[in-house]
Each structure stands twice: as C-alpha cells, then as structure tokens.
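# Fold and contact review
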Amino acid sequence: MTKYIFITGGVVSSLGKGIIAASLGRLLRARGFSVINQKFDPYINVDPGTMSPFQHGEVFVTDDGAETDLDLGHYERFTDTSLGKYNNVTSGSVYQTVIEKERRGDYLGATVQVIPHITNEIKSRIMGATKQFKPDFQLIEIGGTIGDIESLPFIEAIRQFKTEVGIGNAVSVHTTLLPYLPTSGELKTKPSQHSVQVLRSYGIQPEILVCRTTKPIPKTEKEKLALFCSVPKEAVIECRDMKSIYEVPLALEAQNMAKVVLDMLRVDDRKADLKGWEKLVERIKNPEKTIKVAIAGKYTKLSDAYISVVESLKHAGYADNAAIDIKWINSEDCVDASKCKELMKDVQAVVVPGGFGVRGIEGKLNVIRYARENNVPFLGLCLGMQCAVIEYARNVAGIKDANSKEFDENAQYPVIDLMLEQKNVHGYGGTMRLGAYDCVLKKGSKAAKAYGKEKISERHRHRYEVNNEYLNQISDAGLVFSGMSPDGMLAEVVELPHLDWFVACQFHPEFKSRPERPHPLFKGLIDAVMKQKSAKA
Ligand code: GLN
C-alpha cells in the first residue's frame, strides 16, 4: 500500500519546499523504494502554461505533454523518475473538472460546494497518481504558505485524507524558517510555533518540522520547537543554506530524516545507497576548472525562467569536473552587432534557449552568428534552433529576408512557419505540440554520436517548425538536418559538422538531464569547450 507524505510551508514563501520534497524522495529511492512526487498549486490557472515566466519561472514539460510547475523538474532530477499530468494539480484544474461535472448534471441536483465536492476532487487526484504509478511513497507538496486563503481547500482535503488512510499511512512535514536576529545573536522559533498553530487550527498536526536556517540550530532551540510544536525531538530537522541544492539530500540523511519518516509510517528502514550521490556532491564541491557559458534569452532577470537549462549545464559540467559560470545575456542588448561581440568576447559556450515572440530576436540571431563565425560551442533549444535556421538562411543560404511567421505574419520567406496541425487551433492553454515524440538521427552526425544511438525520444513545446519548402536550399548551403521526425516531415535537429559544437534542436533536452546522467547534447557542448581549452593549453 502506498504511504503518503504531505509537505507544507510556513512563515514565508520560497523556502525551497520543492527541493526538500525532492531530497526526501531521493533518500527513499536510495533505499530501493519507488517514489513519486506530486505538487498542488493553489492558483486558478488550469496549468502554468499560460503564465509569464517572469511570474512563475519555467514551465516544465512532462513526457505525456503536461505543462507543469518547475518543481516537477526538481522532482524528476532528484528522484530520477519521469512524472506526468497527474503529478501537478492546480485549483484551476480541480474547479474545471467539478464545474464540467456540474454542467453535465453528474451531481444529480446537489448544491456543489467546496466541501465535499472540491475536496473530493482533490483527494481523487491524489488517488489518480497512486493508481497510475503504484508507488511505495507518494510525496505531496502544497504550494504557497500556511494561512493563504487560496490553499485552504487543499489543506482541508489533506486533513480528511490523513484521517481516512489512518495513522501510520500518512505524515505531514511542515517546512518553516528560523530567522536570525543579529542584535541578540539568536535564531527565533516563534514564527514557526505560530505557523504550526495555524496548521493545527485547520486540523493538521505536523509530525516533522524542517527548519530553514542560516546558522546551526542549538539543541535548546530544537527542544523548544519539539515541545511547542508537539513533534519528537529527532523530527526537528535542520536545513541550512547550501552552495548546491544537490547537497540537501545528504544533509537530511545525516539527520536520519528518512528513518524518522519510515518509523512514523511503520516501514522497516533499509540501507541507503547514496554512494553515487556522495561522489556527485564531491565533484560539485571540488571543480577543477570553471567554464563561462552564456545564456542569451529574454527572461534573464529571473534565472528560474531557465532553471532546467541551468541545471543541465551544471550536470554536464559535473561530469567534466567543471563548474559552470553562467553569463546572462539579454538578447535585446545584442541587437547591435558590436555590442553583441563585446558581450560574447569572454564566453566559452553559448545557449540560446526557448521562448516566444519577436522581442530580442535580432539579438539572438547576432549571438548565433557570432558563435558560428567564431567557432564558439553553441546549443540552440526550440526557439534557439528556429533562430539558428533563420540566421543560416539569411547569412549563408542567401535568403536575405528569411524569417519566422511568429515574428512577421506576412514574412515573404517564412523558413519557420506555423505547423499545419496548429493552423486551426484556437486559444493558448495546452494547445501546442506538447510532450514526447520520437526523432531519428542521421548516422555519423554529431548528435547521433553524442546520444550513442539513432532513435531518440524528446519532449516538445512548440507551435512553429522548419518550413520544408526551404529545407533543400538551406541544407545545400551546408546546414545539416541531422534529426527528423520518423516520417521525415519535421526537422528536429540541425548542426554544422565542421564546427566544434554547433547543434540546435526543436525539442527541449533540458527536461531530461539528470545530475548523475547529463543530457548528451549538453554534454556535447561542455565536452567541446573542454577540448578547445586543452587544445589551447
Ligand atoms: N515560439 C516557438 C514556437 O512556438 C518556440 C517555442 C519554444 O521555444 N518553446 O514554436
């Protein structure tokens, strides 16, 4: 039977609940248990797909084509488990289902209410994920902070659920902050006590406290927290700020957090195999060199907007004992070619990530041109690939006014065009080409060599594609279309074989990179830098 672990947050937002939930997942996986994570988001959007990255950070795409919260990225990276549409539940999607049922008449004349109809739907989403994955443990993180009005139905559903599954089958972990007051030199526990009081007023007594802190928690303060919050002393877990998020599982393991959870859930503890993870953290902490990689995009003021790209770069770095120093380049600053040159001068590799809309495009084209002309290792992702095709069409294949229909509806030379299947699509929510699709790589290409195979599957999120009418003209000019959909109709990967690493893909490889298993295309990029470095040395 699946055991449930609920994770709430108190005192402030941005406590890193997602990392804590993912880390606990890792510790259970390390013991050979199967684990899934689930995220409840109390906002009314049906999914984050329509939200600005400035609001919400990256939209993480799953194999089954769900557009989800970026915490799912952490879950997948830490637990090495592929998740899906059941793993992210928003208030919007819950209400949508309930209202659809009401319109169909499914409630047979009843008054439809938050309790029981909304809470029942939330509970059925918990069970939906359980049925799909049948995990040993299901970790459910509730977004927001205890006390928020909008998360109340989720909290109420958890209260009911915990009662229904009974003692020993579900526990609550409450994450809080211990602020440090420099004037008195103390870590303060009162906000955590209050937060637990609020949680109790909703009928939930947390069994475990995870306290975010900048300083070690003195024994006396741990005892105080245990006493006032009614949790066992060993269940007051300290979570200090760490240089790398990948250190968190080891810090929690050192305090026996998984064992505490297992005891409470009446499951025998097993020996944890964290050897690989320990080695990883060792490499992270002791890099032999640093590589400066530019990310040239539109949302550079909020690094969360490209979090999977950043993590993928780091993963590739770990494999080569290299730390990655990200240089954020706002593509709008590169519209002027000489400014672009100036900004690109000190970078050793560049990624042009995904995105939407025309803003900053000319700058991205300049960045790509610079990379191509100066053999700076380059990786283009989704929009980044579309830009690479436009740049090549304009500056090498002689299609001077090549453009994408996304940037100019009346483009005379639309080398990137709206996909046929998208032409009659209305509305923006969940309507793109989403999720995993197969791709066939050209034998002997850089991409095929990096993957070590020719048939791959990758996750997508796009409306536009390379216009096949221009395929021959552009490939005759030298750009190799090294990955195509199995029917040969959709360009998936382009590359320039004579450069050290100039590869761009229509899909999003960043969603499948893992800390211990970097994605081949990111690894290819960083390996190319390493080779150039040693060639120069
Ligand atoms: N805007 C482009 C498209 O819709 C690229 C999308 C992306 O980068 N995710 O095709």
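Refer to the preceding data block for the structure.
Per-chain numbering applies: the sequence of each chain, read as written, is numbered from 1 onward. Selection of residues for local features in this predicted model requires a pLDDT of at least 70, selection of side-chain atom pairs for listing and counting requires 80 or more, and totals for whole chains, interfaces and linings are taken over all residues. Neither water nor hydrogens contribute to the side-chain values; these are computed over all heavy atoms in the structure.

## Things to note about the overall build of the protein chain
Threshold: Comment: elements are numbered from the N terminus, with helices defined as DSSP H or I runs of at least four residues and strands as E runs of at least two. Exposed residues in this analysis have more than 50% of their type's maximum accessible area, buried residues have under 20%, and partly exposed residues fall in between, with area computed by a 1.4 Å probe over protein chains only. Areas reported as accessible are Shrake-Rupley estimates using a 1.4 Å probe. Residue values count occlusion only from the protein chains shown. The positive count covers Lys and Arg only, the negative count covers Asp and Glu only, and His and the chain ends enter neither. Lysine's charge is taken at NZ, arginine's at CZ, aspartate's at CG and glutamate's at CD.
When you go through the protein chain residue by residue, the secondary structure sums to 18 helices and 23 strands. Projecting the C-alpha coordinates of the protein chain onto the three principal axes gives extents of approximately 75 × 65 × 45 Å. The buried share of the protein chain, reckoned over its 537 residues, is 58%. Accessible surface for the protein chain amounts to roughly 22,300 Å². Of this, 50% is attributable to carbon and sulfur atoms. Of the charged side chains in the protein chain, 70 are positive and 67 negative, and the gap between their average positions amounts to 4 Å.

## Thoughts on the site of the ligand
Using the following cut-off: For this description, a residue counts as near a given molecule or strand if any of its non-hydrogen atoms is within 4 Å of it. Under the rule applied, a polar contact is a pair of N or O atoms within 3.5 Å (in protein, one hydrogen donor and one hydrogen acceptor; residues adjacent in sequence only if both atoms are side-chain atoms). As a working rule, the residues Ala, Val, Leu, Ile, Met, Phe, Trp, Tyr, Cys and Pro are called nonpolar, Asp, Glu, Lys and Arg charged, and the rest polar, with Gly in that last group.
The environment of the ligand is formed by Gly354, Gly355, Phe356, Cys382, Leu383, Gln386, Glu406, Arg461, His462, Arg463, Tyr464 and His508. A distance of 3.1 Å separates an oxygen atom of the ligand from a polar atom in the backbone of Leu383. Arg461 has a polar backbone atom sitting 2.9 Å from a nitrogen atom of the ligand. Against a free-state accessible area of 300 Å², the protein chains account for coverage of 98% of the ligand. Only α15 (383-395) and β19 (455-462) provide two or more residues apiece to the shell around the ligand. In the shell around the ligand, the residues fall into four nonpolar, five polar and three charged.

## Digging into the packing of helix α4 (residues 91-104) against helix α5 (residues 114-133)
Keep this limit in mind: Axis lines are fitted through C-alpha atoms, for helices just across the contact stretch, and the angle between N-to-C directions can take any value from 0 to 180 degrees. For any helix crossing, the convention is left-handed if the near helix is rotated counterclockwise from the far helix by under a right angle, and right-handed if that rotation is clockwise. Only heavy atoms enter the contact rule, under which two residues are in contact if any of them lie within 4.5 Å.
Between α4 and α5, whose axes approach to 10 Å, the crossing angle comes to 120°. In this structure, α4 crosses over α5, and the sense of that crossing is right-handed. Residues Ser93, Val94, Tyr95, Thr97, Val98 and Lys101 of α4 lie in contact with α5, whose contacting residues are Val114, His117, Ile118, Glu121, Ile122 and Arg125. Here the residues of the contact of α4 with α5 sort into six nonpolar, three polar and three charged.

## Concerning the pairing of strand β23 (residues 502-505)
Defined as follows: Two strands pair under a simple rule: DSSP has to find at least two bridges between them.
Along β23, one buried face is formed by Phe502 and Ala504 and the opposite face, lined by Val503 and Cys505, is buried too. Pairing analysis gives three bridges linking strand β22 (residues 491-495) to β23, with the strands arranged antiparallel. Residue pairing across strands places Val493 opposite Cys505, the latter belonging to β23. Once β22 ends, the chain turns through six residues before running back antiparallel as β23.

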